[in-house]
Structures are given as structure tokens and as C-alpha cells.
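# Topology and contacts: notes
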Amino acid sequence: MSTRTEGRPEEDTPGTARRVCLAAVTAALSLGLMGACGGGERSDAKEAGSEAPATPRASSSGSSSTGSSSSAPSSSAPSSAAPVLAATPRPDPTGIGASGGKALTQGELDRAILADGDVSGFRSGPMDAPPPRGENADRSECLPLTAVLNGKPEPLGKAVAYRQLVGPDNDRPAVSEFLTTHGVQDASTLLNRLRAAVTACADGFTASGGDGPSTYTGVKRLSTVKAGDDALAYQLTGDFEGDPVPLVFHLVRVGGTVATFYTANFENGATPLVPPALLAAQATKLT
């Protein structure tokens, strides 16, 4: 999340707004979550016709994220509230058997990750892995937070699957998901390290790498959804040209597998929502 440099960018053309949005995604979302961009462009750009790419894209560092055939705006818009709350998991998903601590194979992860029809109104598409090099927090106690931001939670998983999910209201909300399999001990360690980092880094931190220095102004715990064997939710607030950009993460552990859900709001600084139905459906499919 890049810091302010030479003042606010101009906001008088759709092209400028699009560049602002792409820069924000490049700096803040190493996974290539383009969702917040489509709905987070300046109002003049939306009135003139959004130039946001039709599919989620990663930063200019190399990785691209493909899947949804539509742009995916921020999940925080008021118009998305009713469809999000109405989202429900499919009643009879087949579990993959991770609850006993089984270390899932890549093929099992690919079958277990959320797909079309698992949650009403949500479409699922593939998302490329993040670029090899991401951000690193400048304080060691905050490194678990940037590891998740990079799409590579630590301890590193033995296998990983990535997915982009878009909701029913003009592709709102847009949520990135990745599944990682670790074994029960490492999966538990992953969540515990993040809990410690959220507490230790509550007042914020800086990070380097990726496309330049970044500033995160605060970290706070959020309410969790009762799903799986363990769960954690937190908000990491970045700074983009002086504006707060909340990044929200929900993690659910089932046995030795961890599901991480990730969304952002570039529009207005409000905490974006990860629909609980997504977490519940994923936990059930892993069980």
C-alpha cells in the first residue's frame, strides 16, 4: 500500500482514475484481487464508463488473475448488503475428509475449494498464484501479516489452490480465496502466529519489497464466523495516497487445512464484508 509521495493524483479523467486504482491493487494486493478496483474508482470514471479490466488482474510484476468474466467491485457498497446477507451455502456438499488431520493432495484441494453453486449467487473462477516476490514487514513480529498478504501464509503449505469469487449484485462482493494444506500442527501455528501479529502490530507497520515501500496504519481483530476447528478474522488498514484502505482477512482451519478469504475496499474506508456463507460452505466441503 504505497504511501503519499507528491500529493494526490488528479481525479479529472477516467484514465487517471483507472491508473490510481491499478496502482493501488499493484501495491496492496499481491494476490491480484481486482475486485475493489472496479467499484473503487472515482465517481467521474464511473459516470464516464469504467475502464477497469474485465477480469481480475495482478500487478505489473507478472502474475495475472483470470476467472470471472466481469469486473468485480468492492464488497463494501451499500447496494450489495441484501444479496450478501441472503447468500446461503448449498445444503448437501460432499466433504473431502480434512477434519481428521489428513494432509490433502493438490487434487483434493482443487476439488474442495469453492465452486459455482456452492453458495447461492456466487460465481467461482480460477486465479493465478501470486508473483514470487511480495512485501515483507520491516518488523519481524509483523511478518505473518505480510506473508498472508502475499498469498503465502507461513508455515508454507504443502499444496495450495487459489480462487476468485464474485457475488450476485453487479459482481459484488469480490473475494479472493486460497486453500493451503499444512498438517494440524503447522496449520494451528499459522493461526496462532497471526493472532500474535495482530496484537503486536495493532498500531501499524511499514513494509518493503514488491513495488515499493508501504504503510499500514493499523491492525485489528474482527468477529469470526463459527466454522471449522478454528477461525480468525482481522482488518489490516493500508494507506494509499493518504486515504485508508481496509483489507479484511478471514481464516478458517479444518484439521490441517486453512482457508483464507481476502477482500478490500478502495471506495470509502468502511470495513468490507466477507459473507459468512462462504466460510461455512468451505468448512463443510473440507470436513
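Note that the structure is predicted; figures quoted are calculated from it, not measured.

## Some words on the overall build of the chain
A tally of regular secondary structure across the chain gives 8 helices and 9 strands. Classification of the 287 residues of the chain by burial places 55% in the buried group. Contacts in the chain between residues at least 24 apart in sequence constitute 70% of all its contacts with a sequence separation of at least 6. A total accessible area of about 11100 Å² is found for the chain, and carbon and sulfur atoms account for 50% of it.

## Thoughts on the nonpolar core
Ranked by internal contacts, the top residues of the largest apolar core, which has 31 residues, are L145, F205, Y234, L247 and F249. Of all elements in the fold, only α6 (143-149), α7 (184-200), β5 (205-209), β6 (214-221), β7 (230-240), β8 (243-254) and β9 (257-264) reach the threshold of two or more residues within this core. Ranked by residues supplied to this core, first place goes to α7 with 6 residues. L145 has contacts with L194, A197, V198, C201, F205, V219 and Y234, leaving out every residue within four places of it along the chain. Within the second largest apolar cluster, 28 residues are counted, among which are L109, L114, V252 and A259.

## Examining the sheet that holds β9
A sheet is described by the order of its strands in space; here 9 strands give the open sequence β1-β3-β4-β9-β8-β7-β6-β5-β2, paired in antiparallel fashion. Looking at which strands have only one partner, the edges of the open sheet turn out to be β1 (123-126) and β2 (135-137). Along the sheet, successive strands turn relative to each other by an average axial angle of 30°, direction set aside. Pairing geometry for β8 and β9, over 8 bridges, is antiparallel.

## Thoughts on the state of the cysteines
Such a bond, covalent and formed between the sulfur atoms of two cysteines, is termed a disulfide. Scanning the model with the defined rule gives 1 disulfide in all. Paired by a disulfide, C142 and C201 hold their sulfur atoms 2.0 Å apart. Across the S-S bond linking C142 and C201, the dihedral sits near -110°, which makes this disulfide left-handed. Here the residue C142 occupies a position in the loop between β2 and α6, and C201 occupies one in the loop between α7 and β5, the gap between them amounting to 59 residues. The burial state of C142 is the same as that of C201; both residues are buried.

## With respect to the packing of aromatic side chains
Here the structure, examined in full by the defined rule, presents 4 aromatic pairs. Measuring from centroid to centroid gives 5.0 Å for Y234 and F249, while their planes differ by 20°, and the two rings are stacked. Residue Y234 is found in strand β7, and its partner F249 is found in strand β8; the two are separated by 15 residues along the sequence. Each member of the pair Y234 and F249 is classed as buried. Seen in terms of ring centroids, F249 and Y262 are 4.4 Å apart; in terms of plane orientation they differ by 20°. Their pairing is stacked. Placement of F249 in strand β8 and of Y262 in strand β9 is noted, with a sequence separation of 13 residues between them. Take F249: its relative accessible area is 0%, and that puts it in the buried class.

## A closer look at the pairing of strand β4 (residues 172-181)
Consecutive side chains of a regular strand alternate in pointing toward one face of the sheet and then the other. Of all 10 residues making up β4, 10 are buried, and the element is well covered by its neighbours. Note that strand β3 (residues 159-169) and β4 share 9 bridges and pair antiparallel. By the bridge assignment, L165 is partnered in β4 with V175. Here β3 folds back onto β4, and the loop between the two strands holds 2 residues, one of which, N170, carries a positive phi near 55°. Where β4 meets β9, 6 bridges bridge the pair, whose relative direction is antiparallel. When the sheet's bridge partners are listed, L179 is paired in β9 with A259.

## Details of the confidence of the model for the chain
Averaged over the chain, the pLDDT score is 73; the fraction of residues at 70 or greater is 66%. The weakest mean pLDDT in the chain belongs to helix α3 (residues 43-48) at 30; the strongest belongs to α7 at 97. When the criterion is pLDDT under 50, residues 2-85 qualifies, and its contacts beyond four places in sequence or with other chains add up to 201 contacts.

Cut-offs and rules
Residues numbered from 1 in each chain as written. Predicted model: local features only at pLDDT ≥ 70, side-chain atom pairs only at ≥ 80, totals over all residues. Heavy atoms only, no water. Helix = DSSP H or I, 4+ residues; strand = E, 2+ residues; numbered from the N terminus. Buried < 20%, exposed > 50% of the residue type's maximum accessible area, 1.4 Å probe, protein only. Contact = heavy atoms within 4.5 Å. Areas by Shrake-Rupley, 256 points an atom, 1.4 Å probe, with all protein chains shown as cover. Core = buried A, V, L, I, M, F, W, Y, C linked by side-chain atoms within 4.5 Å. Pairing = 2+ DSSP bridges. Axes fitted to C-alpha atoms, helices over the stretch in contact; angles between N-to-C directions. Disulfide = S-S within 2.5 Å. Phe/Tyr/Trp six-rings, centres within 6.5 Å; stacked < 30°, edge-to-face > 60°. pLDDT = per-residue confidence, 0-100.

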